[in-house]
Every structure is written in C-alpha cells, then in structure tokens.
Amino acid sequence: MAQEKMTLDELRKLRDEKKHAVAVRDSAGKTVDITVGMGTSGIASGAKETLQALVAELEKHKLTNVAVRQSGGLGLEHAEPTMEVRMPDMPPVIYGRVTPDVVRRIVNHHIIGRELVDEHIYDRPAADILYAGDHPIVDGE
Amino acid sequence: MHWSIADMLLDLVHNSVQADAGHVRIELRRSDGEMAIRIEDDGKGMDSHQQVLAIDPFYSEPGKHAGRRVGLGLPFLVQTVTTVDGWYRLESEAGRGTTLEIRFNPDHIDCPPMGDVAGMLAAMLTFSGQYELEFHRSVRASDTDTESEYRVSRAELLHALGELETVESRSLLRDFLHSQEAHISSV
C-alpha cells in the first residue's frame, strides 16, 4: 500500500509546534555557526553524509541555537569532508576528515564540552592567540 | 569520482547556484529501463567554446578558483552517462543559462547507484543565497502501469519553514523529503 506523503500544511504545523519550544530555549541568545564544505571534492568524500549526521546529532542533543550552512570547498581538498565551527568563547576552527563519527565527536566535545577535537583540526587551531588585533599573523610577518 | 548519480547532480546544482542562477529546475523521470534527467538554470551560461571546455575535466572556469586547472562536476556525469551507453545534450547560452538533459539505463551493469535522493534534495535546497529551485520526480511502474510523483519548490518550503538554516528547519525538511521518497518507493 502506498505511503502517505507529508503535505506542506502538515510541515507548517510541525514547524509552528517546534517554534514555541525553541523560543524558550533560545533565551541565552548565543549562537553556533557551522559551515560544511560541499564543493566537488567534499561531495565525493561524503560531505552529504557528514551534513546529515550533523543535523541528526544536533537534533539529538536538542541544540537549537545552531545555524548550519553549506559552502563550496573550504580550501582543504586533501582533508575533505571539511567543516568550520564558529561559536562564542571558542576559536574558529576548520575540521578535516569529518566522517559521521567525527561529527558526533565534534558536537559532543567542541560544541557541548567546549574542547577542541585536536587530531581533526586543519586550520586556525587557535585564532584567539594567533590573531593580533584584527590582523592575522602569518608566516613571514 | 562521485559514488552515486545523486552526488553528481548535487555537484551540478551547486555549480548552478554558484553561477548566480536565480531559478533552477530539475526533473527526474524513471520509467522501465530508463532514467531521464533534466537540469535547467538561468545562471551565467556558456558560449559554444566554453561548452566544449566544460566537459573537459582538465578545465575550470578562470576566476572561479584562482590557480585551479580542473573542473569535475559536469565531466563526471557526462563520462558516466556515456560509459553506460546513455545520451546527453548540453544547451547553453552565455548570459541566459544552461540546460542539461541526460538519459540512461539505470540497470546497466556499469551504472552507479542512484544514491540518496532525499539527502541530495535536502542539500540542493539549503545552499546559501537567494534562488528558487523546483524539483519534479516521477516513477512509472511498468507492471501496473501506474505513475507516482512529487514536486517540491524551495519558495514553498521557505514559506512553510521560515528559513532553511537552523537545525529544526533542516530536520523537518529531511522528514518531509523522506516522506515524499517513501511514497514514491512504496508505489
């Protein structure tokens, strides 16, 4: 027997129910920004599965104050799939080789536990230390 | 190389969005022994010289990535389709947009799997930027001669969900798209 499709009205209703729950939890106003690299090499390396695992893990922990975005390659094609995490009180970090298992570690250790997942950091490991004012300190300066 | 047809299509749609397409239309029609796919955008388009270069894997549009010499989205798909005795047609006009049509036998022994269509569509719908994306998928069952289909529009989903970036919206979108796919495969 054919399974029923969810309608747009049903989707809207579910959204309204969740909106109410979110309004209470988001009172702290702090937000987390996560960008998944979805260029050709990212997709070939499993970025779609990384993105799905990320949404599922954030949902599991009811982390509602998180924006998930998609970009092209983050410039680290040798380390795909890649993911940038920005959040208050933590340095911005680009993680590499982010399989679904690593996604779960990043959510649990970085986003919830506020500890870096060292062995998957590929860029900007400690921007709060490496940045002098608004100017990044790079080799040769 | 991408693992599935769905990943190849996702890559192409990402290219469309990057090429400033305001409107992308995608059709996936499966019937007995044939998969017909059409992707149409109103992005930057290509002149005839660029069209030849676009199916060359060792070419990438200058300016898109400084220093990069390869572009693989379109060549992956064209190579796959020709490998499985399929057919493709690329039509494009600079400043007007691009249309790609492909047909192939999805049961050909060398054809990659279709892959996760719901996941592909979720990712296609949630790139940053303002664009409309219309998606139409139909499957015709030859034994019962019945057709099952669904249509999705990014504008309608944005209207229903408000935005497509938060975890709540993305998880609801995922459930919505899975229910459309489950309906198709249950017919």
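Everything here concerns the structure above.
These figures come from a predicted structure and were not determined experimentally.

A.B. asks: What is the right way to read the overall build of chain A from this model?
C.D. replies: The number of helices and strands found in chain A is 5 helices and 7 strands. Taken from the N to the C terminus, the helices and strands of chain A come in the order α-β-α-α-β-β-β-α-β-α-β-β. Looking at chain A as a whole, 41% of its 141 residues are labelled buried. Considering only contacts in chain A between residues 6 or more positions apart, those separated by 24 or more positions represent 64%. Element-wise, carbon and sulfur atoms account for 53% of the exposed surface of chain A, whose accessible area totals about 7600 Å².

A.B. asks: Honestly, the nonpolar core in this entry has me stumped. Any pointers?
C.D. replies: Across soluble globular proteins, nonpolar side chains have a tendency to be buried as a group. The biggest cluster of nonpolar side chains holds 82 residues, and the ones touching the most others in it are A:L58, B:L9, B:L133 and B:F135. Residues contacting B:F135, with those up to four places away along its chain left out, are B:I26, B:L28, B:V117, B:M120, B:L121, B:Y150, B:R151 and B:V152.

A.B. asks: I'm lost on the sheet that holds strand β5 (residues 132-141) of chain B in this one. Help?
C.D. replies: Two strands in a sheet stick together by hydrogen bonds in their backbones, pointing the same way (parallel) or opposite ways (antiparallel). Residue and element names in this part refer to chain B. Here we have 6 strands laid out as an open sheet, ordered β3-β4-β2-β1-β5-β6, and mixed in their pairing. The sheet terminates laterally at β3 (87-93) and β6 (146-153), the two strands that pair on one side only. Adjacent strand axes in the sheet meet at a mean angle of 5 degrees, parallel and antiparallel pairs treated alike. Alignment of β3 against strand β4 (residues 97-104), held across 7 bridges, turns out to be antiparallel. Each residue of the ladder has a partner; that of S92, found in β4, is T98.

A.B. asks: Sorry if this is basic, but what is going on with unusual backbone geometry here?
C.D. replies: Keep in mind that most residues, glycine aside, have a negative phi and that most peptide bonds are trans. All names here are of chain A. The omega angle of the peptide bond from E80 to P81 is -10 degrees, so this bond is cis rather than trans. Of note, P81 is situated in the loop between β2 (66-71) and β3 (83-86). The backbone of K62 shows a phi angle near 55 degrees, a positive value even though the residue is not glycine. Within the fold, K62 resides in the loop between α3 (47-60) and β2.

A.B. asks: Where do I start with the packing of aromatic side chains in this structure?
C.D. replies: Residues and elements named next belong to chain B. One pass over the full model with this rule turns up 1 aromatic pair over all chains. Taken together, a centroid distance of 5.9 Å and an interplanar angle of 40 degrees make the contact between F135 and Y150 tilted. Taken together, the residues span a long stretch of sequence, with F135 in strand β5 and Y150 in strand β6 at a distance of 15 residues. The same class applies to F135 as to Y150, namely buried. Geometry around W87 places R103 over its ring, the cationic atom sitting 5.1 Å from the centre.

A.B. asks: Got a minute to help me understand the pattern of salt bridges in this structure?
C.D. replies: Between side chains of opposite charge, a pair can form as their charged atoms come close. All names here are of chain B. In this structure the tally under the stated criterion is 25 salt bridges over all chains. Between R140 and E147 there is a salt bridge, and its shortest N-O distance comes to 3.8 Å. The exposure class of R140 is partly exposed, given its relative accessible area of 33%. Connected via shared salt-bridge partners are R25, R38, E40, R89, E91, E101 and E134.

Criteria and cut-off values
- Residues numbered from 1 in each chain as written.
- Chains lettered and ligands numbered in written order.
- Predicted model: local features only at pLDDT ≥ 70, side-chain atom pairs only at ≥ 80, totals over all residues.
- Heavy atoms only, no water.
- Helix = DSSP H or I, 4+ residues; strand = E, 2+ residues; numbered from the N terminus.
- Buried < 20%, exposed > 50% of the residue type's maximum accessible area, 1.4 Å probe, protein only.
- Contact = heavy atoms within 4.5 Å.
- Areas by Shrake-Rupley, 256 points an atom, 1.4 Å probe, with all protein chains shown as cover.
- Core = buried A, V, L, I, M, F, W, Y, C linked by side-chain atoms within 4.5 Å.
- Pairing = 2+ DSSP bridges.
- Axes fitted to C-alpha atoms, helices over the stretch in contact; angles between N-to-C directions.
- Phe/Tyr/Trp six-rings, centres within 6.5 Å; stacked < 30°, edge-to-face > 60°.
- Lys NZ or Arg CZ within 6 Å of the ring centre and 35° of its normal.
- Salt bridge = Lys/Arg side-chain N within 4 Å of Asp/Glu carboxyl O.

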